[in-house]
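Okay, here's what each chain looks like letter by letter:
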Amino acid sequence: MIRFLLNETLVELEDIPSDTTVLDYLRGNSAYNPDRKTGTKEGCCSGDCGACTVVLAEPENDRLNYQTVNTCIALLPSLNGKQLITVEDLAAGEKLHPVQQAMVDHHGSQCGFCTPGIIMSLFAFHHEPSDQRPDVLEALGGNLCRCTGYQPIVDAAREIAEMPNTDAFSQQEQTTLQKLEQLREQQDDKAQGVYMPTSEKDLADYLLKSPNARLLAGGTDLGLEVTQQLKEIPDLVTLASVEELKELSCTENEIVIGSAVTYRQIEPLLSQYFPEFSEMLARLGSQQIRNVGTLGGNIGNASPIGDTPPVLLALDASIELRKGDRIRTLPLEQFFLGYKKTVLEESEFIARIRIPLTKHNLKVYKLSKRYGDDISTVLAAINLELNDRGEITRARVALGGMAEIPKRATACEQALIGQKADTATLEIAQQAIRSEFKPLSDVRASSDYRLQAACNLLERYFLELSGQKARIIAHA
Ligand SMILES: Cc1cc2nc3c(=O)[nH]c(=O)nc-3n(C[C@H](O)[C@H](O)[C@H](O)COP(=O)(O)OP(=O)(O)OC[C@H]3O[C@@H](n4cnc5c(N)ncnc54)[C@H](O)[C@@H]3O)c2cc1C
Ligand code: FES
Ligand code: FES
């Protein structure tokens, strides 16, 4: 049974398929929820517009952590053990929540379709500890509005950024925490169409018995199979309660990231050791996506335009795979075999990702049509090591969006090794990229554009290495 708090009310779901989206459940489209809550809107149904945003609260370090989620792609097991807060829960009778009042005062709503989602993003923002609140544009980056021109919404957000948080939810926090603790103690490991293991061993054993079960981490890719491809996924296994896969650790030699750690949780550690990686993560999807999306899901999805694999390739990361009691560790480079094909065997899963803590000169360049909340057209992660004489002794050039898998440019790397990082070397290395890659043309860019972009990004790396600023050509 899936158990959660709908605001303060316990809900137990028994006979509803687990591949139902939270949005369908809330709005009553699924016929399982007679109390339709239609404040949460459906816009794109693909995680892009934020109209369907709600907040999920869960205990973290003795307090409640409030995170925005896109309900259109979130599947029901993601609610288990959490508090679901929707826009209907915010006002107390006639009195608006301070976040709602700020939006009214600044005229932040016109047609109103995006407004519930924006209110919920601002509500989560308001609940961040005041010294840790993100930039307002980042907090709103996953919410699109076609009417207001954004300025009134940003003005409302700036006012909220200055407010202390003393709302009814904060006052209720201890009671809610206790209720959620009780829920966790009563947790079931099964519901209709989903297994919810609480240990890595349970997960491994279950997958041996049910090799066709689909792993559900953040669901930001898997949910799209339900909403965009209209697939039914009758056998899910969720990683949400597998504590070992949610561990993050750092030794003298490496960072070890459990496959179910979310982007939000990884960011502080990465910004300490690999700031270029964490800067790129700030452009991976939106806040709603980063709150739940995982590295394991990004790698497991094996998309040629996944953002983290090229970076991990440039850092010589390896991945630990588990099948039953067998554990094997492979360089990430050996993981991808072809378009959406990997070395994962039946019943095998990604347990953790290991990044060595060696000296590096990593730079990550993401090109996309929109700066935020957009998939890469080309992503280049470049990491060169030079000796005292300025010769390149080690080269990693990894590219996304250039082949059917995230791929190292090995001919380019060979052309770089032993050479000085000068114009002549650059030209030869760029030529190697041109002969090594035949990217496809699609809605994002033509093949020629991608090739030119990859070569330009290598040039940009060379310029930055020598302390020069790359020449940015702005479009009129
Ligand atoms: C609006 C939107 C914007 C996005 N923007 C970006 C972007 O900018 N850059 C980018 O790279 N991606 C982007 N994505 C894609 C997605 O968010 C990422 O790929 C994310 O990392 C997937 O992680 P998840 O935990 O949600 O995976 P899930 O959806 O839960 O899983 C994805 C796939 O991996 C499998 N899987 C999950 N965990 C494991 C595991 N431990 N072992 C083996 N297989 C596993 C699942 O079965 C599934 O097939 C975006 C998606 C959306 C909806
Ligand atoms: S409806 Fe657009 S993000 Fe969910
Ligand atoms: S007010 Fe109309 S979409 Fe935002």
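It should be noted that the structure appears before, not after, this text.
The model shown is predicted, which means the values in this text are computed figures rather than measured ones.

A. Broad picture of the overall build of the chain. Broken down by element type, the chain carries 17 helices and 20 strands. Relative to a compact globule of 476 residues, whose C-alpha radius of gyration would be 23 Å, the chain shows 23 Å and is just as compact. Overall size of the chain, expressed as C-alpha extent along the three principal axes, is 70 × 55 × 40 Å. Classification of the 476 residues of the chain by burial places 45% in the buried group. Counting only contacts in the chain whose residues sit at least 6 apart along the sequence, the fraction spanning at least 24 positions is 66%.

B. Region of the structure containing the site of ligand 1. Within the structure, ligand 1 sits among 30 residues, and G47, A217, G218, G297 and G300 are positioned closest to it. Going through the elements one at a time, β8 (214–216), α9 (222–227), α12 (287–292), α13 (295–300) and β16 (349–356) are the ones with two or more residues in the shell around ligand 1. At four residues, α13 tops the list of elements feeding residues into the shell around ligand 1. Taken together, the residues of the shell around ligand 1 sort by class into 12 nonpolar, 14 polar and four charged.

C. Focus on the packing of helix α3 (residues 115–126) against helix α5 (residues 151–161). Between α3 and α5, whose axes approach to 10 Å, the crossing angle comes to 25°. Judged by the inter-axis angle, α3 sits roughly parallel to α5. In this structure, α3 crosses over α5, and the sense of that crossing is right-handed. Contact residues: α3 offers I118, L122, F125 and H126, while α5 offers I153, A157 and I160. Counted by class, the contact of α3 with α5 contains six nonpolar, one polar and no charged residues.

D. View of the packing of helix α2 (residues 98–105) against α5. For the pair α2 and α5, interaxial distance at closest approach is 8 Å and the crossing angle is 140°. Between α2 and α5, the crossing angle belongs to the class labelled oblique. In terms of crossing hand, the pair formed by α2 and α5 is right-handed. Facing α2, whose interface residues are V99, A102 and M103, α5 presents A156, E159 and I160. Looking at the contact of α2 with α5 residue by residue, the classes come out as five nonpolar, no polar and one charged.

E. Representation of the sheet that holds strand β9 (residues 236–238) within the structure. Overall, mixed pairing links the four strands, which are arranged β6-β7-β9-β8 in an open sheet. Where the open sheet ends on each side, the last strands, each with one partner, are β6 (190–191) and β8. Taken together, the three bridges between β8 and β9 define a ladder with parallel strand orientation. Bridge pairing links L215 to V237 in β9.

F. Geometry of the sheet that holds strand β17 (residues 362–367). Strand order across the open sheet formed by four strands is β17-β18-β19-β20, with antiparallel pairing between neighbours. Looking at strand neighbours, the two that pair on one side only are β17 and β20 (407–408), the edges of this open sheet. Note that β17 and strand β18 (residues 378–386) share six bridges and pair antiparallel. Opposite Y365, over in β18, you have A380 as the bridge partner. On top of the sheet, helix α17 (residues 447–465) reaches β17, β18 and β19 (392–400); it is set at about 35° to β18, its chief contact.

G. Just the nonpolar core, in detail. In terms of nonpolar packing, the biggest core is built from 128 residues, with V55, I119, A157, A380, A381, A454 and L458 touching the most fellow members. Examining the composition of this core, we find that eight residues originate from one element, α17, more than from any other. Both of domain 1 (1–186) and domain 2 (363–476) provide at least three residues apiece to this core. Ignoring sequence-local partners within four residues, the contact set of A380 consists of Y365, L399, A454 and L457.

H. Examining unusual backbone geometry more closely. In the Ramachandran plot, Y150 falls in the positive-phi region, its phi being about 75° despite a non-glycine side chain. As for its placement among the helices and strands, Y150 is situated in the loop between α4 (136–139) and α5. Given 16 C-beta atoms within 10 Å, Y150 falls into the partly exposed group. Unlike most non-glycine residues, S347 shows phi in positive territory, near 70°. Relative to the helices and strands, S347 resides in the loop between β15 (341–342) and β16.

Conventions and cut-offs
- Residues numbered from 1 in each chain as written.
- Chains lettered and ligands numbered in written order.
- Predicted model: local features only at pLDDT ≥ 70, side-chain atom pairs only at ≥ 80, totals over all residues.
- Helix = DSSP H or I, 4+ residues; strand = E, 2+ residues; numbered from the N terminus.
- Rg over C-alpha atoms; globule rule 2.2 N^0.38 Å.
- Buried ≥ 20, exposed ≤ 12 C-beta atoms within 10 Å, placed from the backbone.
- Contact = placed C-beta atoms within 7 Å.
- Near = placed C-beta within 6 Å.
- Nonpolar A, V, L, I, M, F, W, Y, C, P; charged D, E, K, R; others polar.
- Axes fitted to C-alpha atoms, helices over the stretch in contact; angles between N-to-C directions.
- Parallel < 35°, antiparallel > 145°, perpendicular 65-115°, else oblique.
- Left-handed = near helix turned anticlockwise from the far one by under 90°.
- Pairing = 2+ DSSP bridges.
- Core = buried A, V, L, I, M, F, W, Y, C linked by C-beta atoms within 7 Å.
- Domains from an automatic or database assignment.

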